[in-house]
Amino acid sequence: MNKAYQIKKWFSTLQKLKFNFWSVVSLIIISTYGLIAVFAYLIAPDNSPNANQMHLSIHSKAPGFTTNILQVPSESYNENPSLISKILSGVPSKNVEIPFKSLDISQNELIVLTSANAEKNTAQRISLDAFNTKDLNLIKKQFTTVKTFWLGTDKYGRDMLSRLLIGSRISFSIGFVAVFISLFIGTFIGAISGYFGGWIDNLMVWLMNVLWSIPTLLLVIAITLALGKGLLQVYIAVGLTMWVEVARVVRGQVISVKENQYITATKVLGFSNFRTLFYHILPNSFSPVIVIAAANFASAILIESGLSFLGIGAQPPIPSWGSIIKDHYPYIILGKAYMALIPGTALMTLVMSFMLLGNGIRDWLSIKK
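Read on for a plain summary of the structure.

Rules used in this analysis
Residues numbered from 1 in each chain as written. Predicted model: local features only at pLDDT ≥ 70, side-chain atom pairs only at ≥ 80, totals over all residues. Heavy atoms only, no water. Pairing = 2+ DSSP bridges. Helix = DSSP H or I, 4+ residues; strand = E, 2+ residues; numbered from the N terminus. Axes fitted to C-alpha atoms, helices over the stretch in contact; angles between N-to-C directions. Contact = heavy atoms within 4.5 Å. Phe/Tyr/Trp six-rings, centres within 6.5 Å; stacked < 30°, edge-to-face > 60°. Buried < 20%, exposed > 50% of the residue type's maximum accessible area, 1.4 Å probe, protein only. Core = buried A, V, L, I, M, F, W, Y, C linked by side-chain atoms within 4.5 Å. Polar contact = N/O pair within 3.5 Å; in protein donor to acceptor, adjacent residues only side chain to side chain.

**A look at the sheet that holds strand 5 (residues 124-127)**
Here 3 strands make up an open sheet; going across it, the order is 3-4-5 and the pairing antiparallel. Only two strands of the sheet have a single partner each, and these edge strands are strand 3 (102-106) and strand 5. Taken over all neighbouring pairs, the strand axes of this sheet differ in orientation by 30° on average, direction set aside. Across the sheet, helix 5 (residues 136-143) lies against strand 3 and strand 4 (109-113), angled at about 140° from strand 3, the strand it touches most.

In structure tokens:
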């Protein structure tokens, strides 16, 4: 009877989804970002690991910039990655890409003129042995291409669109890992505290209040510095600082639910504390936690971006929206504000979508129709 009621309640909740326009839009945006994060390397123009193909001669170019690219075969390339490897880590580049304005042949060398080397005596020279031909027309046909940078290039000449697409993985991964850690720790501590009460409850509440009094960002920075720099350390640090709110809500819900008559009946029937708590109390206490999880997801994304902006989050060359903003915020006063505004807009859109979705879930669960 209880399970049938829960299924009916959740079905009714899902039915209300179509009446909340902004929640639907937010869910679509989040789903789109999620698909982009999973298949980033398959859709990114630069699918090399971390989209780290640098072209210093064409750095800081505007969106829509187009240039000729010479692709020089790399002798060290001997990999044939699987599809799973391509999805997870990209494809190591088999060519060295060189943007050029014109090509010429002199003796046994290919002379590459770029915007940075306009004179022949400063031009880049490449041995023709790399192309196995001395025919300039054949080299232009087989080893050159035209490349468009749809969102321009960053200050190192890397494709901005590819960096943004792959950087979305950091935001989603930190959100999932941090929310999982916070839910696991917060639910366990909150449930134990609310169910048993007494000195256990007093100890847990004291611990929550101590951690609650410390600014979240300051605590994350302290944990990150103690554990060292890196993504794994950021995941752990953010997760360990976000469980307090979950624990407080779960504790309050457990204290309320355990007074119901069907919980008293489980004790009369001789059910163990574990079964009563995890099979009968928590399933009926978890609705508000879902709302907190959505808010924590957004908070985790913002915290990671802030850490990357400060230089203690994702380390180069790993792309992160926070680190991209950090690299290009000085360009705001140099007439190229879009270099910082593009990743900032992506970050704002994703965070706002999670907040609106959380508000929608809260309304569905709190309003009885």
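**What about the sheet that holds strand 1 (residues 65-73)?**
Strand order in the open sheet formed by 3 strands is 2-1-6, and the pairing between neighbours is antiparallel. Looking at the sheet topology across the chains shown, the edges are occupied by strand 2 (95-100) and strand 6 (144-149). Averaged over all pairs of adjacent strands, the angle between their axes in this sheet comes to 40°, without regard to strand direction. Where strand 1 meets strand 2, 6 bridges bridge the pair, whose relative direction is antiparallel. Within the sheet, the bridge partner assigned to Leu70 lies in strand 2 and is Ile98. Strand contacts of helix 5: strand 1 and strand 6, with the helix running at about 40° to strand 6, the strand carrying the most contacts.

**Topic: the packing of aromatic side chains**
Inspection of every chain in the model, using the stated rule, returns 12 aromatic pairs. Consider the rings of Tyr33 and Trp321, whose centres lie 6.0 Å apart with planes at 80°: the pair is edge-to-face. One end of the pair, Tyr33, is in helix 2 (residues 21-38); the other, Trp321, is in helix 14 (residues 321-328), with 288 residues separating them in the sequence. Tyr33 sits in the buried class, given a relative accessible area of 17%.

**Some thoughts on helix 9 (residues 231-241)**
With 8 of 11 residues buried, helix 9 lies mostly within the body of the structure. As for helix 9, its buried residues are in contact with helix 6 (160-196), helix 8 (216-227), helix 10 (243-257) and helix 13 (287-310).

**Details of the nonpolar core**
Phe172, Ile301, Trp321, Leu350 and Phe354 are the most contacted members of the largest nonpolar core, which has 25 residues in total. Secondary structure elements with two or more residues in this core: helix 2, helix 6, helix 13, helix 14 and helix 15 (338-366). Per-element accounting of this core gives the leading share, 9 residues, to helix 15. Setting aside anything within four residues of it in sequence, one finds Phe354 in contact with Ile30, Phe172, Ala294, Phe297, Ala298 and Ile301. Counting residues in each nonpolar core, the second largest holds 17 residues, with Ile174, Val220, Leu231 and Leu307 among its members.

**Topic: the side chain of Asp154**
Residue position: Asp154 is located in the loop between strand 6 and helix 6. Asp154 gets classed as buried once you look at its relative accessible area, which sits at 3%. A distance of 2.7 Å separates a polar atom in the side chain of Asp154 from the backbone nitrogen of Arg158. Sequence-distant contacts of Asp154, defined by excluding residues within four places in its chain, comprise His59, Ser60, Met160, Arg163, His328 and Met339.

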